[in-house]
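# Architecture and fold: a report
Residue-level listing of the chains:
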Amino acid sequence: MNRLILIISLIAVLGVAHAQEADYLKEIKVWQEDLNKEYLDPVKSPLSKKERKGFTGHLFYPVQESYRIEAKFEPTPDSKPFQLATSTGGAKIYKRIGILHFELLGENRTLEAYVEQKRFSLPGMPTYVFLPLVDETTGNETYGGGRYMHYEGIPEGTIWTVDFNKLYNPYCAYNDKYECPKVPGANYLPIKVEAGIKGY
């Protein structure tokens, strides 16, 4: 009887895990579809009218749940604003708000999180936390300027979810007229992050 209960419990656990995996896969697929729709929208898209006509969707790495990790957020309240060079030769002012510590592919890694320091901001506009990176796919399988992630609003608490399956390209990967912040050296990961969007 105890063995039967154990087997039933194991089946139930495996069923829940499979359902969660399916839900996560669906979440990422919806995110990918929404991103592709945005690039077909003449108001939002960095693509020209001609490019939009030929656009059939981005290439993405296969979704792997192992690239969705929990990171410990270490606040850095004493960090000073600094100039971050952009793709057009200019600069924008950012401030590091903290460092994310996590394990990825069996090694301890870190990424710095930034917030742009704007002179003016509209009431009710969320604070965007900027999380850019370059890795060993950069310039080969992915865009040479690196890829981005962001949070709409600063996550609460000290444990943040980092989902590399949601890595996307900056707009300057598609159109030189856009001014994109370059990735600071601190956010270089010396591994292949085979997740998220591929090169364009």
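Residues numbered from 1 in each chain as written. Predicted model: local features only at pLDDT ≥ 70, side-chain atom pairs only at ≥ 80, totals over all residues. Heavy atoms only, no water.

### Concerning the overall build of the chain
Summing up its helical and strand segments, the chain has two helices and seven strands in all. Ordered by position from the N terminus, the helices and strands of the chain form the series α-α-β-β-β-β-β-β-β. Going through the 200 residues of the chain one by one, you find that 38% of them count as buried. A separation of at least 24 residues holds for 62% of the contacts in the chain among residues at least 6 apart in sequence. When the accessible surface of the chain is split by element, carbon and sulfur atoms take 54% of a total near 12,300 Å². (Helix = DSSP H or I, 4+ residues; strand = E, 2+ residues; numbered from the N terminus. Buried < 20%, exposed > 50% of the residue type's maximum accessible area, 1.4 Å probe, protein only. Contact = heavy atoms within 4.5 Å. Areas by Shrake-Rupley, 256 points an atom, 1.4 Å probe, with all protein chains shown as cover.)

### Some points on the pattern of salt bridges
Using the criterion set out here, one finds four salt bridges in the structure. Measuring nitrogen to oxygen at the nearest pair gives 3.1 Å for the salt bridge that ties R147 to D135. Placement of R147 in strand β6 (residues 147-152) and of D135 in the loop between β5 (128-133) and β6 is noted, with a sequence separation of 12 residues between them. Judged by its relative accessible area of 1%, R147 is buried. (Salt bridge = Lys/Arg side-chain N within 4 Å of Asp/Glu carboxyl O.)

### Comments concerning the packing of aromatic side chains
Per the counting criterion, the structure on display carries 13 aromatic pairs. Arranged with centres 5.9 Å apart and planes meeting at 85°, the rings of Y39 and Y171 form a pair that is edge-to-face. Remark: Y171 occurs in the segment after β7 (159-163) and Y39 occurs in helix α1 (residues 2-40); sequence separation between them is 132 residues. Looking at Y171, the relative accessible area reads 24%, which means it is partly exposed. Each member of the aromatic cluster is reached from another via a ring pair, and the members are Y39, F55, Y171, Y174 and Y178. Just above the ring of Y61 sits the side chain of K198; from NZ or CZ to the centre is 5.0 Å. (Phe/Tyr/Trp six-rings, centres within 6.5 Å; stacked < 30°, edge-to-face > 60°. Lys NZ or Arg CZ within 6 Å of the ring centre and 35° of its normal.)

### What to know about the side chain of H58
Structurally, the position occupied by H58 is in the loop between α2 (49-54) and β1 (68-75). A polar contact of 2.9 Å, which involves the side chain of H58, links it to the side chain of N36. One polar contact links H58 to Y174, side chain to side chain, over a distance of 2.9 Å. Apart from the residues within four sequence positions on either side, H58 is in contact with L35, N36, Y39, Y174 and I197. (Polar contact = N/O pair within 3.5 Å; in protein donor to acceptor, adjacent residues only side chain to side chain.)

### Looking at unusual backbone geometry
Across the chain, the bulk of peptide bonds are trans and the bulk of non-glycine residues have phi less than zero. Phi at L105 is positive, roughly 55°, even though this residue is not glycine. As for its placement among the helices and strands, L105 is situated in the loop between β3 (91-104) and β4 (107-116).

### Describing the environment of Y94
Summarising the element assignment, Y94 is placed in strand β3. Y94 gets classed as buried once you look at its relative accessible area, which sits at 5%. Excluding anything up to four places from it in sequence, Y94 contacts K80, P81, F82, L84, Y114, V115, E116, Q117, F130 and P181.

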